[in-house]
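Residues per chain are reported as follows:
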Amino acid sequence: MTEQQLTSSTTPRILGLTGGIGAGKSFVGQMLVQSGLPLMDSDAVARRAYTESDQVRQQVIALLGAEVYDSEGKPRYDEIARQVFAPSDEGKSLLHRLEQIIHPYVSERLKTWAMEQQAPEGWVVLESAILWQSGFYRLCDAVVVVTAPESVRVARVQERDGATREQVQARIDRQASYSFTALQQAHPELPLYQIHNDGVQDLEGQVAQLLSDLVAL
């Protein structure tokens, strides 16, 4: 963006950034950061909630058991994931109840952060894997969805996490799935953009076009 394109608004607008596991939303997020947009990762905020909030800690222990924290009081994310991503109705129920603990905390942190930013480009980025089901999209002035074929996503997560194909597939199946067309139909009031991160199409060109589109909003 050029100097002439910078907005004079002191309150930045929020660009939601989302996509399924392995789609590459964090990679796209770093490209946006390099372009000058501040970014908050709601997933990172959620992870900090386990230690930053005594209320969250107590509720998590009541739900999942004291074993989800180690002897030093640090959360054992592997144990949390084992319980809430278990391939059973109980796992689904635990995940839903855990989200009801974490989401309100994260939402308040996100609102405060967004209001505090003095973004010269006029936009800040809210990265969230659960933008829709959490309701965080209601904080956004526009949303970009990063997509990739499922086979590509599975391979990426296997390489990144050292997980088996079955483990990755179970995590994908746990995530809510939304087609871009369905999102456009469900949210006609919200400007939506799509970035194809399939390793074939020009990613830099797509991000540049997105930034150009944001200037025009």
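Given the structure is predicted, the values throughout are model-derived calculations rather than measurements.

Student: Tell me what's going on with the packing of helix H3 (residues 54-64) against helix H5 (residues 89-116), and back it up with residues and numbers.
Tutor: For the pair H3 and H5, the least separation of the axes is 10 Å and the interaxial angle reads 180°. Relative to H5, the element H3 is oriented roughly antiparallel. Only Leu-94, Arg-97, Leu-98, Ile-101, Ile-102 and Tyr-105 of H5 make contact with H3, whose side of the interface consists of Val-56, Gln-59, Val-60, Leu-63 and Leu-64. Considering only residue class, the contact of H3 with H5 consists of 9 nonpolar, 1 polar and 1 charged.

Student: Describe in detail H5, supporting the description with residues and values.
Tutor: The end-to-end C-alpha distance of H5 is 41 Å, a good match for the 40 Å that 28 residues give at a rise of 1.5 Å each. Its maximal kink placed at Ile-102, H5 deviates by approximately 30°, while the proline Pro-104 follows within four residues.

Student: How would you summarise the sheet that holds strand E5 (residues 192-196) if you had to cite specific residues and measurements?
Tutor: Strand pairing in a sheet relies on backbone hydrogen bonds. The paired strands run either parallel or antiparallel. Read from one edge to the other, the open sheet built from 5 strands follows the order E2-E3-E1-E4-E5, with strand pairing classed as parallel. Strand pairing shows two members of the sheet lacking a second neighbour, strand E2 (39-41) and E5, which therefore form its edges. Mean inter-strand twist for the sheet, computed between neighbouring axes without regard to direction, equals 20°. Helix H2 (residues 42-52) rests against E2 and strand E3 (123-127) of the sheet, and its axis sits at about 45° to E2. Across the sheet, H5 lies against strand E1 (13-18), E2 and E3, angled at about 170° from E2, the strand it touches most.

So, how was this worked out
Residues numbered from 1 in each chain as written. Predicted model: local features only at pLDDT ≥ 70, side-chain atom pairs only at ≥ 80, totals over all residues. Heavy atoms only, no water. Axes fitted to C-alpha atoms, helices over the stretch in contact; angles between N-to-C directions. Helix = DSSP H or I, 4+ residues; strand = E, 2+ residues; numbered from the N terminus. Parallel < 35°, antiparallel > 145°, perpendicular 65-115°, else oblique. Contact = heavy atoms within 4.5 Å. Nonpolar A, V, L, I, M, F, W, Y, C, P; charged D, E, K, R; others polar. Expected span 1.5 Å × (residues − 1). Bend = angle between axes of the 7 residues up to and from the residue. Pairing = 2+ DSSP bridges.

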